[in-house]
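# Understanding the architecture of this molecule
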Amino acid sequence: MDYVVVALVMLGVLVLGGLGLVVPRLRRRPPVPPVTPSSPPVVTERPGQAPPVAGAPTPVVDAPPAAEAPAVPAPVVPAAPAVEAPAVPEAPAVERPEPSAGRLVRLRARLSRSQNVFGKGLLGLLSRDHIDDDTWEEIEDSLIGADVGIEATTAIVERLRERTRVLGTKTAADVRALLAEELVAALEPGMDRTLRSAPTGDTPAVIMVVGVNGAGKTTTCGKIARVLIADGRTVLMGAADTFRAAAAEQLATWGSRVGAEVVRGPEGADPASVAFDAVKRGIETRVDTVLVDTAGRLQNKVGLMDELGKVKRVVEKHGPVDETLLVLDATTGQNGLEQARVFTEVVDVTGVVLTKLDGTAKGGIVIAVQRKLGIPVKLVGLGEGPDDLAPFEPVQFVDALLGTGA
Ligand SMILES: Nc1nc2c(ncn2[C@@H]2O[C@H](COP(=O)(O)OP(=O)(O)OP(=O)(O)O)[C@@H](O)[C@H]2O)c(=O)[nH]1
C-alpha cells in the first residue's frame with residue numbers, strides 16, 4: 001500500500017513538471033499575424049508561367065490549391081505599390097459600310113477595260129457611215145472576244161443588222177441606243193436578282209457561298225455582309241472553309257470591321273458541322289441572315305463536290321437554304337462556265353456573283369453566264385476594296401460598259 005502511495009505521488013510530480021516545461025514554450029510562440037482583408041493576394045505561378053511583369057496589367061490570379069495549413073505562418077507579402085492600370089486600347093470602331101444603292105454607278109470606271117471593247121470599239125464600228133460584211137464580222141469578233149459567247153453574239157448581231165437596215169440613216173446617238181437596247185435584252189432584265197436575305201419569322205435567311213479556289217468567295221462573303229449591314233440587316237458568318245486556315249482568319253477580320261459575329265471551327269474541322277453550328281448560332285442570336293463561306297474546290301474532284309452537297313444537306317436540317325451563290329472569277333472567261341455547270345448540278349445554285357470584272361476586258365461574260373446557266377447574276381465584284389461589290393443591274397451595267405450615260 002505504501003508503495004502505491006509513493007508511486008501516485010511520483011506520477012503527480014512528473015505531470016506537474018511536464019506542464020511547467022510545455023506552457024512557457026507555448027507562450028513563446030510568435031503571434032500569428034492578423035489577416036487583413038486588404039492583404040494582396042498570393043500569386044501562385046503555374047509551371048511554365050511567366051512571372052508577373054512589373055507594370056503589366058493585373059494578372060489573372062490563380063486560386064491557391066487547397067493544401068494543409070503550413071507549419072510556418074505565411075510570410076507577409078509587402079503591399080505592391082499602387083500601379084496605374086495601363087490604358088486599354090480602344091476597340092476599333094465598327095465601320096459603317098456604304099449603302100448598296102448606286103454602287104454600280106459609282107464603280108463604273110472600274111469597267112474601263114471592258115469599256116474599251118464595248119464603248120470605244122463597238123460603238124466606233126457601228127458608227128461607220130457604211131457597215132459592210134467585213135465590219136459586221138469585226139463586230140462579231142469583238143463580242144466573242146469579250147466573252148459574250150457565240151450564241152448570244154449571233155443573236156445580238158442579227159438584231160442589230162436588221163434594225164440598222166430599217167433605221168437607214170443613223171446618228172451616233174441612235175447607234176448607241178440600239179446597241180444598248182440589244183445588250184440589255186441579252187442580259188435578260190426580267191430575271192429576279194433580289195438577294196433572299198430576309199428572315200422567315202424567327203429563322204434567319206441562310207446564304208451559302210460556293211465556287212472554285214481563289215474565285216473570291218471569302219472576300220465576297222465579307223463584302224456581302226457589308227452590303228446587308230449597310231441595308232439594315234443583322235448578319236452572322238460561318239467559316240466553313242476549314243481547309244485554308246487563313247480563310248477563317250480573313251472572315252473574322254471582315255466580321256470584326258462591321259460587328260458581325262463569325263462562327264468558326266478548328267482547322268480541318270468538318271465543314272458541315274461548322275456550317276450547322278453557324279446556322280444554329282444565328283437562330284439563337286436571331287440575326288436576319290447567316291452567310292456560310294465554303295472551301296474552294298475544283299469541279300472535277302468528286303469527293304469535294306460530294307462534301308459540298310453534304311454541307312448543304314446538313315445546314316438544311318435547320319431549314320431550307322435561301323440562297324446558294326456561285327462565285328465566278330470573270331477573268332477565267334468561258335472556262336468558268338464549265339465549272340459553273342458542275343456546281344449547279346450539285347447544289348442548286350440560285351445566283352451568280354461575278355468577281356474581278358475590274359481586271360478584265362471580257363465584261364460580256366455576264367451575258368454568257370446567264371444564257372448558259374439560266375441563273376441570274378446578282379452581284380458583281382469590281383475591286384479589292386471592302387465596298388467594291390455592287391448589286392447587278394442590266395441597264396446601269398450596259399451604260400457603264402458603253403462608257404456613256406449617267
Ligand atoms: N480585283 C479584284 N480582286 C478580287 C475581287 N474579289 C476578290 N478578289 C481578290 O481575289 C483574291 C482571292 O480571294 P479570296 O476571297 O481569298 O478567294 P477564295 O475563293 O475564298 O479562295 P479559296 O478559299 O482559296 O478558295 C484576293 O486577293 C481578293 O482580294 C474583285 O472583285 N476584284
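Note that the structure is predicted; figures quoted are calculated from it, not measured. (Residues numbered from 1 in each chain as written. Predicted model: local features only at pLDDT ≥ 70, side-chain atom pairs only at ≥ 80, totals over all residues. Heavy atoms only, no water.)

It is worth spelling out the side chain of Lys 312 at this point. Along the chain, Lys 312 turns up in helix α10 (residues 302-315). What Lys 312 contacts, discounting residues up to four positions off in sequence, is Met 208, Val 321, Thr 324, Val 347 and Asp 348. (Helix = DSSP H or I, 4+ residues; strand = E, 2+ residues; numbered from the N terminus. Contact = heavy atoms within 4.5 Å.)

Pairing is possible between side chains of opposite charge, provided their charged atoms come close. Across all of its chains, the model carries 25 salt bridges by this definition. Put simply, Asp 270 and Lys 310 hold a salt bridge, and the shortest N to O gap is 3.4 Å. Here Asp 270 is found in the loop between β3 (261-264) and α9 (271-285), whereas its partner Lys 310 is found in helix α10, with 40 residues between them in sequence. Looking at Asp 270, the relative accessible area reads 34%, which means it is partly exposed. Residues participating in the shared-partner salt-bridge network are Glu 95, Arg 103, Arg 226, Arg 257 and Asp 387. (Salt bridge = Lys/Arg side-chain N within 4 Å of Asp/Glu carboxyl O. Buried < 20%, exposed > 50% of the residue type's maximum accessible area, 1.4 Å probe, protein only.)

Turning our attention to the packing of α9 against α10. Contact geometry for α9 and α10: axes closest at 8 Å, N-to-C directions at 25°. Here α9 lies roughly parallel to α10, going by the angle between them. In this structure, α9 crosses over α10, and the sense of that crossing is right-handed. Of α10, the residues touching α9 (which contributes Pro 271, Ala 272, Ala 275, Phe 276 and Val 279) are Glu 307, Lys 310, Val 311, Val 314 and Val 315. (Axes fitted to C-alpha atoms, helices over the stretch in contact; angles between N-to-C directions. Parallel < 35°, antiparallel > 145°, perpendicular 65-115°, else oblique. Left-handed = near helix turned anticlockwise from the far one by under 90°.)

Turning next to the nonpolar core. Leu 354 and Leu 357 are the most contacted members of the largest nonpolar core, which totals 97 residues. By residue number, the principal contributor to this core is helix α6 (residues 172-186), which donates seven residues. If sequence neighbours within four positions are ignored, Leu 354 has contacts with Leu 328, Ala 330, Ile 365, Val 366, Val 369, Val 377, Leu 379, Val 380 and Gly 381. (Core = buried A, V, L, I, M, F, W, Y, C linked by side-chain atoms within 4.5 Å.)

Within the secondary structure, Glu 162 sits in helix α5 (residues 150-167). Owing to a relative accessible area of 43%, Glu 162 belongs among the partly exposed residues under this scheme. Separated by 229 residues in the primary sequence, Glu 162 and Pro 391 have C-alpha atoms spaced 33 Å apart.

The geometry of helix α11 (residues 333-347) relative to helix α12 (residues 365-373) is characterised by a closest axis approach of 10 Å and an angle of 30° between their N-to-C directions. It follows that α11 is roughly parallel to α12 by the angle criterion. As α11 packs across α12, the resulting crossing turns out to be right-handed. In this structure, α11 contributes Gly 333, Gln 334, Leu 337, Ala 340, Arg 341 and Thr 344 to the contact, and α12 contributes Ile 365, Ala 368, Val 369, Lys 372 and Leu 373.

Between its first and last C-alpha atoms α9 spans 21 Å; for 15 residues at 1.5 Å apiece the expected length is 21 Å, and the two agree. Every buried residue of α9 is listed here: Pro 271, Ala 272, Val 274, Ala 275, Ala 278, Val 279 and Gly 282. What you see down the axis of α9 is that its buried residues fit within an arc of 165°, all on one side. Buried residues along α9 sit in contact with β1 (205-210), β2 (235-240), β3, β4 (289-294) and α10. Arg 286 occupies a position one or two residues after α9 and carries a positive phi of about 55°. (Expected span 1.5 Å × (residues − 1). Arc of directions from axis to C-beta.)

Moving on: α6. Here α6 spans 21 Å end to end across 15 residues, near enough to the 21 Å set by a 1.5 Å rise per residue. Inspection of α6 places Val 175, Arg 176, Leu 178, Leu 179, Ala 180, Glu 182, Leu 183, Val 184 and Ala 186 among the buried residues, and these make up the whole buried set. Elements that come into contact with the buried residues of α6 comprise α3 (112-126), α5, α12 and α13 (394-402). With its phi angle positive at about 45°, Glu 188 sits one or two positions after the end of α6.

Looking now at the site of the ligand. Close to the ligand lie 20 residues; Lys 217, Thr 218, Thr 219, Asp 358 and Glu 384 are nearest. Gly 383 places a polar main-chain atom, nitrogen or oxygen, 3.4 Å from a nitrogen atom of the ligand. Considering the ligand on its own, with 660 Å² of exposed area, one finds that the protein chains cover 80% of that surface. No other element matches helix α7 (residues 217-230), which puts four residues into the shell around the ligand. (Near = heavy atom within 4 Å. Polar contact = N/O pair within 3.5 Å; in protein donor to acceptor, adjacent residues only side chain to side chain. Areas by Shrake-Rupley, 256 points an atom, 1.4 Å probe, with all protein chains shown as cover.)

Let's shift gears to the pairing of strand β6 (residues 351-355). Burial within β6 is extensive, with five of its five residues counted as buried. Every second residue of β6 is oriented toward a common face, with Gly 351, Val 353 and Thr 355 on one face and Val 352 and Leu 354 on the other, all of them buried. On the question of chirality, the crossover connecting strand β5 (residues 323-329) to the parallel β6 by way of α11 is right-handed. Two strands pair when backbone bridges link them, and β6 and strand β7 (residues 377-381) are joined in this way by three bridges, in the parallel orientation. Paired with Val 352 across the bridge in β7 is Val 377. (Right-handed = clockwise from strand over helix to strand, strands pointing away. Pairing = 2+ DSSP bridges.)

From the geometry alone we can't say anything about function, so treat these as descriptive.
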